[in-house]
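The residues making up each chain are set out below.
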Amino acid sequence: MECLTKSMEMGRIGTPIAKYDSGKIAKIREKIEIVFGRPSSWDDVTISKKYNITGDGDLIMIIR
């Protein structure tokens, strides 16, 4: 399972901002639409915290 975030950038007042892998987020959004029957309206940060995708394309739901 790969990490969704790429390298960190420095944001406002020197705080790090994660850059999300847009291709992987797009694949997760496609899988969410297939599994749940409707597209997700969540932002990339929320999607990356709650879901991931395997190398085989399986959707993983992260429950905390």
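Structural data are supplied above this passage.
Keep in mind that this is a model prediction, so the values were computed, not measured. (Residues numbered from 1 in each chain as written. Predicted model: local features only at pLDDT ≥ 70, side-chain atom pairs only at ≥ 80, totals over all residues. Heavy atoms only, no water.)

**Q** Just checking my understanding: could you explain the nonpolar core for this structure?
**A** One finds I25, I28, I32, I47, Y51 and I53 forming the largest nonpolar core, which totals six residues. At the level of elements, α1 (22-36) and β3 (51-53) are the ones that each hand at least two residues to this core. In terms of residues, this core owes the most to one element, α1, which gives three residues. (Core = buried A, V, L, I, M, F, W, Y, C linked by side-chain atoms within 4.5 Å. Buried < 20%, exposed > 50% of the residue type's maximum accessible area, 1.4 Å probe, protein only. Helix = DSSP H or I, 4+ residues; strand = E, 2+ residues; numbered from the N terminus.)

**Q** Honestly, the environment of K31 in this entry has me stumped. Any pointers?
**A** Positionally, K31 belongs in helix α1. Residue class for K31 comes out partly exposed when judged on its relative accessible area of 28%. On a C-alpha basis, the gap between K31 and L59 in space is 6.4 Å, while along the polypeptide they are 28 residues apart.

**Q** Just to check I follow, could you spell out α1 for this structure?
**A** Since one α-helical turn is 3.6 residues long, residues separated by three or four positions face the same way. Between the first and last C-alpha of α1 there are 21 Å, a value that for 15 residues agrees with the 21 Å anticipated at 1.5 Å per step. Buried residues of α1: K24, I25, I28 and I32, and no others. Along the axis of α1, the buried residues cluster in a sector spanning 100°; they form a single face. Turned more than 90 degrees off the buried face of α1, the exposed positions are S22, K27, E30 and I34. For α1, the N-terminal capping position is held by D21, with its side-chain oxygen 3.2 Å away from the main-chain nitrogen of G23. Positioned one or two residues after α1, G37 has a phi angle of 80°, which is positive. (Expected span 1.5 Å × (residues − 1). Arc of directions from axis to C-beta. Polar contact = N/O pair within 3.5 Å; in protein donor to acceptor, adjacent residues only side chain to side chain.)

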